[in-house]
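Residue strings, one per chain:
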Amino acid sequence: MKRLLTLTTALLILLGPSTIKSSAFDQNSPDWQTDATAGCTYGTKALSELTFTQPSSSENIHTGWRNADRCDLFMYWTSEVGPSFSYSAAQIFFTGTISGASSQAICDGPKDPNCDPKKYPNAQFRALSAFYHCTSITDLNCISNFYVIDPKGNSAEATYLREFPEVPGIPESNDPSTWYPKGGSSPLYKFTSDTATYYFLPTGVTERDWTVENGSWGRASQSFHFGIQVGTLFEGVKGPTKPKLKEVPYSLPDGTVGKRVEFSRDTVAGFDAPCNSWLAIDDNACFVGGSFPSGYRYRIVFQLPADAGYFLNGRIENPIAFTEPLPKGRRVVIEGAPAKLFSVGGLLPKSVLTKKTYDYIMGTRYAQNLVQAPADFPPIENQYPGLLNEMLPYYGDRTTFEIEAWTLKSSNSLGRFTRECTDQSKGQILGITSSNATAFNNDPPVLDPVTKVLSYEVAAPHFGVDGKSVNVGHYYMNMNANFVKCILGVDQVPLYAQVGITYGGNTEEVMTASVSQDKDWLRMKVDNFHYSAPKLQIKFEQPASAPIVQPIPATNSPTKSASAKKLSTITCAKGKTTKKVTAVNPVCPNGYKKK
């Protein structure tokens, strides 16, 4: 059962709750109650009494919510499929109501008198710059090329058609202290194979946020969000109109009125076929999502500003990335296939939740949703692997539905690495980690400063949709060589890594993974481990018995991979603890015996 979610978190944010409802109830509805008024209880039934029912075959996972018990909990990890469309805007977030709630306004730029930081000392200024199609080598924050690579490895450039939808952008900032790049409209591409025609809508934004420091806008933080959507273009359709950027008033609980900035259409009425399940709309046209063709890879060539220093999380199979200098910035090339992801979610009665689960949920930022009746959580996307592990037994440790995605999203924080390491790699992209896990840490792998071991937590259901087949895990890492050398404190990038996969008990699998390097990037992949809750530990080294690996040739065709001698695996035991060791000539660690 492979499906694509057609209305994702991005749409919920961009269109706002007045247009799309995530459930039948919210706090403004007379049906909304608390646990106390609805009589909801926790832990009054054993988990063994739960018979979890998979959601219906409808594309909308919320189907059936209206008929749910008021004391049910609705929670799901969507394994995000990327933004459905993106927009450009300069705006301010400020406290402008009696209750202290925030409000938003559109700005002409950071010097707009209506967005003066002295007027709003606790405000935040945000610039959203949507990726557009580059027209020259000096353009920044844009896509210069979109390549489609068929299953035989043949590469062809997709044809740029137009902006979709064509909406106003924002010019490049002329203020050095609050600089941000130009933002435009999402580009629409067309590709025709021997058997079919496909339309692609790559969408995303770079975001810069400033807070007030001493009456002025301080140092900016940056983020990056990008995804590829594949589908069908319908033109000459009556009804659809392009969305607009506008300030929309809304009522606050204290009765005062605030404003929020929305990029949405003017009406809430739906469309008839073929646009009834649109992902993006323009005047008299719509883009309807579909499935990625099997076996294809995609290569995106970005032109980014010289100060871009993102560490990206990817939903990409076998990603390859590198950067090259440009007159005003950096060319960033990222290639990979869509990843098949395991989504988990559905309705659960609160009566089966143990105190441990209750406390775990209450420790998250979604705590207030739990005590509503009914409790409807926003899509959790790829966050909280620990919470997912806690919830998996309730869902039978199985996948609810599968989706495919090709997405990139910057990490929330690089604070665990020194500023020296992050700053010296600006403009080159620090790295990309990619996994098909349902949930994982948003930040880069955790580095132990003493052992130099990188740890990365992932989580996914152990079983597939059928409840029998075992989900296979993939983990890929591409890191800028200068960044790797800096964080490890070495002069040369190691060509090998020891990977330990721990499952929370006494069993640990250990393998020696080959590491390739080309174009000043280090690349490593770990395949064929199983879920539910593995923790990956990666230590770079150069063991005496390691296989000889040839670096990837520095070529304009980044799809070539390194070759290595054949590896073999043995199982070693020490009491109840077992380890699997993979290498050319595997040897058990000290104290372990070969089984």
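Basis of the calculations
- Residues numbered from 1 in each chain as written.
- Predicted model: local features only at pLDDT ≥ 70, side-chain atom pairs only at ≥ 80, totals over all residues.
- Heavy atoms only, no water.
- Helix = DSSP H or I, 4+ residues; strand = E, 2+ residues; numbered from the N terminus.
- Disulfide = S-S within 2.5 Å.
- Buried < 20%, exposed > 50% of the residue type's maximum accessible area, 1.4 Å probe, protein only.
- Core = buried A, V, L, I, M, F, W, Y, C linked by side-chain atoms within 4.5 Å.
- Contact = heavy atoms within 4.5 Å.
- Pairing = 2+ DSSP bridges.
- Salt bridge = Lys/Arg side-chain N within 4 Å of Asp/Glu carboxyl O.
- pLDDT = per-residue confidence, 0-100.
- Phe/Tyr/Trp six-rings, centres within 6.5 Å; stacked < 30°, edge-to-face > 60°.
- Lys NZ or Arg CZ within 6 Å of the ring centre and 35° of its normal.

Residue Pro274 is bonded to the preceding Ala273 through a cis peptide linkage, with omega at 10°. The topology assignment puts Pro274 in the loop between strand 15 (257-264) and strand 16 (278-282). The omega torsion of the bond from Ala373 to Pro374 falls at -5°, within 30 degrees of zero and hence cis. Examined against the element boundaries, Pro374 turns out to sit in the loop between strand 21 (372-373) and strand 22 (375-376). With a phi close to 55°, Tyr384 is a non-glycine residue in the positive phi region. Relative to the assigned elements, Tyr384 resides in the loop between strand 22 and helix 5 (385-391).

Moving on to the state of the cysteines. This structure, assessed with the given rule, holds 4 disulfides. Covalent S-S linkage joins Cys40 and Cys71, the inter-sulfur distance amounting to 2.1 Å. On the S-S bond that ties Cys40 to Cys71, the torsion sits near -85°, and the link is left-handed. Placement of the pair is Cys40 in the loop between helix 2 (35-38) and strand 2 (72-77) and Cys71 in the loop between helix 2 and strand 2, with a sequence separation of 31 residues. Paired through a disulfide, Cys275 and Cys286 show a sulfur-sulfur distance of 2.0 Å. The S-S bond linking Cys275 to Cys286 shows a torsion near -80°; that makes this disulfide left-handed. Placement of Cys275 in the loop between strand 15 and strand 16 and of Cys286 in strand 17 (residues 285-289) is noted, with a sequence separation of 11 residues between them. As far as burial versus exposure is concerned, Cys275 and Cys286 are alike and both buried.

Ranked by internal contacts, the top residues of the largest apolar core, which has 34 residues, are Phe200, Phe226, Phe302, Ile334 and Trp406. The set of elements that each furnish at least two residues to this core consists of strand 7 (142-149), strand 10 (187-192), strand 11 (197-213), strand 13 (221-235), strand 18 (297-305), strand 19 (311-325) and strand 20 (329-349). One finds Ala460, Ala481, Ile487 and Val515 within the second-largest nonpolar core, a separate group that totals 32 residues.

It is worth spelling out the environment of Asn284 at this point. On the secondary structure map, Asn284 appears in the loop between strand 16 and strand 17. Residue Asn284 is classed as partly exposed on the basis of its relative accessible area, which comes to 41%. Along the sequence, Asn284 and Phe234 sit 50 residues apart, while their C-alpha atoms lie 8.5 Å from each other. In contact with Asn284, other than residues within four places in its own chain, are Phe234, Glu235, Gly236, Val237, Lys238, Gly239 and Pro240.

On to the pairing of strand 3 (residues 89-95), then. Of all the 7 residues making up strand 3, 6 are buried; the element is thus mostly covered by neighbouring parts of the structure. As paired elements, strand 3 and strand 4 (residues 102-106) share 5 bridges and run antiparallel to each other. Pairing of Ile92 across the sheet is with Ala105, part of strand 4.

Attention now goes to the pattern of salt bridges. Pairs can form between side chains of opposite charge once their charged atoms are near each other. The tally for this structure, following the rule as stated, stands at 19 salt bridges. Ionic pairing is found between Asp307 and Arg208, a salt bridge with its closest N-O pair at 2.9 Å. Of the two residues, Asp307 is situated in the loop between strand 18 and strand 19 and Arg208 in strand 11; the sequence distance between them amounts to 99 residues. Taking the relative accessible area as the measure of exposure, Asp307 reaches 29% and is therefore partly exposed. For the salt bridge of Glu324 with Arg331, the shortest nitrogen-to-oxygen distance reads 3.1 Å. The network of salt bridges with common partners includes Arg162, Glu235, Lys242, Asp282 and Asp283.

In this section: the environment of Pro327. Mapped onto the elements, Pro327 comes out in the loop between strand 19 and strand 20. You can call Pro327 exposed: its relative accessible area is 65%. The spacing of Pro327 and Asp139 is 188 residues in sequence and 9.8 Å in space, taken between C-alpha atoms.

The predicted model of the protein has a mean per-residue pLDDT of 79, with 77% of residues at 70 or higher. In the model, residues 1-28 has pLDDT below 50 throughout and makes 80 contacts with residues more than four positions away in sequence or in other chains. Contacts of residues 543-565 to residues separated by more than four positions or lying in other chains number 45 contacts, the stretch itself having pLDDT below 50.

With that settled, the discussion passes to the packing of aromatic side chains. For the coordinates displayed, the defined rule picks out 29 aromatic pairs. When the ring of Phe271 is compared with that of Trp278, the centres are 6.3 Å apart and the planes differ by 50°; the resulting orientation is tilted. Each member of the pair Phe271 and Trp278 is classed as buried. On the basis of an interplanar angle of 70° and a centroid distance of 6.0 Å, the ring pair of Tyr366 and Tyr384 is categorised as edge-to-face. Separated by 18 residues along the polypeptide, Tyr366 in the loop between helix 3 (355-362) and helix 4 (367-370) and Tyr384 in the loop between strand 22 and helix 5 bring together distant segments of the chain. Overall, the relative accessible area of 5% leaves Tyr366 in the buried class. Taking relative accessible area as the criterion, Tyr384 reaches 25% and is therefore assigned partly exposed. Through successive ring pairs, a cluster of aromatic residues spans Phe146, Tyr160, Tyr189, Tyr198, Phe200, Phe292 and Tyr298. The ring of Tyr132 carries the charged tip of Lys182 above its face, separated from the ring centre by 4.6 Å. The ring of Tyr147 carries the charged tip of Arg299 above its face, separated from the ring centre by 5.2 Å.

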